[in-house]
Amino acid sequence: MKHILTKNLTQTEATNLLNQCHTHHYNQDEIILHATDNREGLFLVLSGMAEVYILSEKSREEVLEIIKPNELIGLSNIHHFLATHFPQNQQTDLMTPLYPDQVSKQQPHSSLIQVRAIDDLEALYIPYTVLKERWSEPAVREYMLDQVSSRLHDVYHSLAEQINMNSSIDPTSDPTILRVQDIMLPKTTVIQAQPTDTIQSVAQKLSQHSNKTAAVILNNNQIQGIVTMHDFVNRVITRSRNTQDQVQTITTEKPITVPRTAYYYEALTAMLLNGIKHLPVTTENNQLAGLVTMTDLLQAKQPTGIYQNTEALKNINKEKLPQVKKELYATLNTMLQQQVPILHTLEVMNTLYDQLIHRCIELSIKEMPTEPPTKFCFYLMGSGARKEQFLLTDQDHFLVYEGDTHEYQDDHIDHIATRYFADLAEKIVANLELAGYKRCKGDMMASNPIWRGTLQQWESSIHEWTLKATNDRLLLAQNFFSYRLIYGDANLHNQFQQKIINSLDRAKIFLYRLSQLERENPIPTLEQPLRSIFRRNKKQLDLKREVLFPYHHSLQILALMHGITYGTPIEKLDQLYEKKILSENFQKDLKASISTILNYYVRNRYKQHQNGEELTSTLRLTTLSTREKEELMLSIRLIKELQNHMLSYY
């Protein structure tokens with residue numbers, strides 16, 4: 001091995017020196033340096049990467065820096081080397097070599113700083129005795145000075161960025177800190193009732209407290225249900241129910257609950273996803289701890305524009321469709337401002353968008369002269385299907401309907417169905433456009449006969465894609481295989497699923513051709529030193545074209561290879577883990593990595609939207625802090641590993 005430590009040495013001297021060093025292998029997540037270790041040397045990283053992080057009493061970790069190949073681990077302890085091997089009268093003259101009798105025993109080391117391997121790592125351990133032996137060589141001192149000064153610059157720069165950022169942020173506004181128990185009404189102030197209490201008695205309890213809008217129903221101290229003022233109106237008054245009936249007859253049983261240690265954003269997203277405004281809060285043993293309402297959450301965080309009324313969204317009329325977009329965007333804006341984790345934000349927004357699309361389909365069916373002549377399913381493709389939509393994009397969908405399965409087909413019935421679903425698709429497209437979804441420029445919509453047909457016609461199309469895998473058909477297939485059911489008959493959907501699985505059993509060449517397309521579009525390699533990548537060579541990154549598309553396609557191919565034809569990217573990662581195709585650690589790391597990429601993508605694109613700029617997926621790397629760049633680099637590196645894993649099959 002050639003290294004600066006062996007410069008100007010003979011082969012024999014270099015061999016003797018390196019014999020005092022030792023090569024160590026560390027597995028992913030293995031600790032290289034513990035906080036309490038006595039540190040008698042440095043590690044030179046040969047391959048792999050490591051992270052330096054701080055341990056805190058609350059077990060929350062903060063990563064200080066990332067260490068890459070040809071960099072040293074243990075530089076934070078270099079002052080111990082200088083103090084140990086250089087007497088005070090020589091510390092101002094580091095040119096003077098030391099002698100063994102001047103070495104004192106190093107004191108035990110205590111620190112909150114630890115180092116662990118990010119992935120499999122090889123490192124050369126260099127004892128301080130070796131470093132002392134070579135200290136008289138100018139090139140060695142210059143190398144150490146360069147390593148220390150470079151890392152000191154990066155750490156100080158990162159520290160300054162954190163202080164500047166923290167000084168401008170109110171700690172109480174962080175949804176990863178604020179917990180439900182800090183916001184909720186405690187158990188002692190929650191209206192409680194027994195299942196056998198009368199409706200009237202519970203209503204009277206609520207009427208005595210103008211600020212209480214729900215009662216929790218307990219049975220042997222266990223939460224059995226919840227009843228709200230909304231329930232009294234809709235289930236009692238409008239139905240003329242006897243108020244002497246037991247309250248359990250109008251109770252919502254087994255309500256959604258949230259543990260008191262849950263974070264603010266978890267309660268908020270639970271309410272938005274389920275269209276509710278009250279959450280019973282539980283203790284560790286599942287007892288009632290309190291109650292949190294949507295009002296409590298909004299007042300605690302003071303956000304504006306949260307779209308709470310999902311019931312209204314489910315029943316909105318056609319005239320109000322154009323107004324919904326503004327309200328949904330206000331919800332997105334609030335969640336981004338409140339720093340709600342991006343996967344939670346996307347889950348909420350796509351649930352709301354699903355409800356909007358569902359309503360547009362219902363309105364379209366009502367506009368038709370008759371009910372559908374046969375069963376059908378309506379599917380999304382693209383970002384909506386992947387549950388990654390945050391701004392209303394262009395439309396991307398297809399429609400499958402049941403055809404005549406008899407040996408002798410009834411052409412008249414087939415014609416009626418063909419005409420009906422052609423008209424229905426046009427109305428769906430028009431209503432979605434009214435709600436803010438632009439028509440697809442590539443015409444990948446159910447209104448296009450290519451993207452509409454019977455179960456048998458779709459089977460034929462998929463079969464043709466797999467047998468005649470031209471580039472055009474491969475592009476259609478890439479878009480198609482991100483599909484997600486949004487409306488329709490469950491049995492027909494299952495039949496459609498089975499047709500796809502059957503077609504892929506004979507599609508090895510098709511999958512090979514898809515993989516070759518990805519081989520031509522590799523995710524950028526970011527193995528060079530960070531400064532070279534982000535400060536000199538590469539000024540911007542197209543997150544969609546260079547990272548997200550290759551990620552989605554690689555995951556799609558890997559899933560199809562193993563019989564997984566349906567699910568969002570996160571769901572496919574889970575399925576690949578369940579099939580033991582991906583390890584648990586790799587699956588978790590991939591989720592964290594894609595969350596990081598999506599966070600940059602969503603925030604960057606939404607900022608462009610707010611500023612009235614052209615929407616692009618280009619991220620300017622010069623706008624990122626040192627830590628953000630390293631975080632981005634690690635995330636891209638992990639996603640590239642997924643792509644390489646897929647390509648290894650071919």
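Above this note sits the structure.
These numbers come from a predicted model, not from an experiment.

### Brief notes about the packing of helix α10 (residues 321-337) against helix α11 (residues 342-367)
The axes of two packed helices give the description: the angle between them and the distance between them. Viewed as axis vectors pointing N to C, α10 and α11 meet at an angle of 170°, and their least axial separation amounts to 10 Å. Classified by the angle between their axes, α10 and α11 sit roughly antiparallel to one another. Where α10 approaches α11, its residues Leu321, Val324, Leu328, Tyr329, Thr331, Leu332, Met335 and Leu336 are matched on the opposing element by Ile342, His344, Thr345, Val348, Met349, Leu352, Tyr353, Leu356, Cys360 and Leu363. Per-class residue counts for the contact of α10 with α11 are 15 nonpolar, 3 polar and no charged.

### Observations regarding unusual backbone geometry
The backbone of Asn220 shows a phi angle near 55°, a positive value even though the residue is not glycine. Tracing the backbone through its elements, the reader meets Asn220 in the loop between β11 (214-219) and β12 (222-228). Residue classification places Asn220 among the exposed positions, given a relative accessible area of 65%. Within the chain, Lys387 stands out as a residue other than glycine whose phi angle is a positive 60°. Along the chain, Lys387 turns up in the loop between α12 (382-385) and β18 (397-401). Overall, the relative accessible area of 23% leaves Lys387 in the partly exposed class.

### Some points on the pairing of strand β4 (residues 50-54)
In terms of residue burial, β4 counts as a mostly covered element, since 4 of its 5 residues are buried. Relative to strand β7 (residues 113-117), β4 runs antiparallel, the two sharing 5 bridges. Bridged to Ile54 within β7 is Ile113.

### A short note on the side chain of Asp354
Within the secondary structure, Asp354 is located in helix α11. Residue Asp354 is classed as buried on the basis of its relative accessible area of 16%. Setting aside residues no more than four positions away along its own chain, Asp354 makes contact with Leu380, Lys387, Arg484 and Ile486.

Quick notes on the rules
- Residues numbered from 1 in each chain as written.
- Predicted model: local features only at pLDDT ≥ 70, side-chain atom pairs only at ≥ 80, totals over all residues.
- Heavy atoms only, no water.
- Axes fitted to C-alpha atoms, helices over the stretch in contact; angles between N-to-C directions.
- Helix = DSSP H or I, 4+ residues; strand = E, 2+ residues; numbered from the N terminus.
- Parallel < 35°, antiparallel > 145°, perpendicular 65-115°, else oblique.
- Contact = heavy atoms within 4.5 Å.
- Nonpolar A, V, L, I, M, F, W, Y, C, P; charged D, E, K, R; others polar.
- Buried < 20%, exposed > 50% of the residue type's maximum accessible area, 1.4 Å probe, protein only.
- Pairing = 2+ DSSP bridges.

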